[in-house]
Amino acid sequence: MSNPSSAYPILYASFNQDSSCFVVGTRDGFKIFDSNTGKLLYERAMGAFIIVEMLFNTSLLAIVGAGEQPSLSPRRLVLFNTTTGTPLRELNFLTSVLAIRLNRKRLVVVLQDKTFIYDTNSVAMLDTVDTVPNLKGICAFSPNSDGCFLALPASTTRGLVLVYNVMELRPHCEIDAHRSPLAAMVLSSDGKYLATASEQGTLIRVYLVSEATKSFSFRRGTYPSTIYSLSFGPPAQLPDLLAATSSSGAVHIFCLELAMNQSYAVIRKVVKESGTSTSDFPACRVTMLLIAFTGYFQEYSLSINNQNESSWSLEREFNLLTVDSSVATRS
């Protein structure tokens, strides 16, 4: 995610493909951190960067300069090796590079009206996708090689999305997501879901990519707001979550599982954790009970620490139609 304002020290920020690390670009260079510990893993002072993308936890970075010095042109993509501290390959373009996405097999470079797809290992060009003017470099990419899709805006007047199969090098579908132009979108890492937001910013919609059909719709708010980023939780975790940041100053978290089926949910208990201070964000544990009309009972536990960070866990689940007394009774 690039920062359009020059008033802030961070010019760019992104997580790697499994969110185990993140990298920030500054006016002095870039830094890589461990997401779990916050430990600084690597830093390089070599000028201002507006794009820095990692390839999982490897030593390969794809970097683009801010243009504040001739060697760091925004029209030049550099594949950089953090182990040796040297460039491996350079790719030069006629216009500025607006976004980069990559996995172990594909490297995607987004320009204003073209998107180039390369083989990550050989850096051979595989395909070129002509696009509508995409001044903000809006795109989404699923890094899983088994469901590797690229999503790009397909209209400047409404929220039409082109979904492209990056492994098979062919268009997959078009999704008419919003009446207004797109502001943000994201693909789940396994390529199952696509979430979109328009410039209006009041609705976030989630589509099933395989069938190009809308699966969920979430209202962020009543008044227009700029959606800065969208992000899915890891697909193996329960429940499936979608996070959104916006100019309203809030971080919204939506649960896909709760929206999937007609259900009835209650917050049964909120317990303040012992030994916590009476700060603005006292640590607590929330117990939420859910009855899904598909026939299941679920109990979720939401833990919130005093930094207002939260985590979910599914504590128990059983089928209401087949359960016997031994299962339903809690010890």
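Everything discussed here concerns the structure shown above.
These numbers were taken from a predicted model, which means no experiment stands behind them. (Residues numbered from 1 in each chain as written. Predicted model: local features only at pLDDT ≥ 70, side-chain atom pairs only at ≥ 80, totals over all residues. Heavy atoms only, no water.)

Caption draft 1: Focus on the sheet that holds strand E9 (residues 99–102). The antiparallel open sheet is built from 4 strands, whose spatial order is E9-E10-E11-E12. Of all strands in the sheet, those bounded by a partner on one side alone are E9 and strand E12 (125–130). Ignoring which end each strand starts from, the neighbouring axes of this sheet average 15° apart. Note: strand E11 (residues 114–119) against E12, 5 bridges, orientation antiparallel. Paired with Ile-117 across the strands is Asp-127, a residue of E12. (Pairing = 2+ DSSP bridges. Helix = DSSP H or I, 4+ residues; strand = E, 2+ residues; numbered from the N terminus. Axes fitted to C-alpha atoms, helices over the stretch in contact; angles between N-to-C directions.)

Caption draft 2: Quick peek at the packing of aromatic side chains. Tallied over the entire structure, the rule returns 10 aromatic pairs. Ring geometry for Phe-30 against Phe-80: centres 6.0 Å apart, planes inclined by 80°, an arrangement best described as edge-to-face. Residue Phe-30 is found in strand E3 (residues 29–34), and its partner Phe-80 is found in strand E7 (residues 76–81); the two are separated by 50 residues along the sequence. Of the residues examined, Phe-30 reaches a relative accessible area of 1% and is grouped as buried. These aromatic residues form a ring-pair network of at least three members: Tyr-193, Phe-216, Phe-218, Phe-232 and Phe-254. Just above the ring of Phe-56 sits the side chain of Arg-104; from NZ or CZ to the centre is 4.2 Å. (Phe/Tyr/Trp six-rings, centres within 6.5 Å; stacked < 30°, edge-to-face > 60°. Buried < 20%, exposed > 50% of the residue type's maximum accessible area, 1.4 Å probe, protein only. Lys NZ or Arg CZ within 6 Å of the ring centre and 35° of its normal.)

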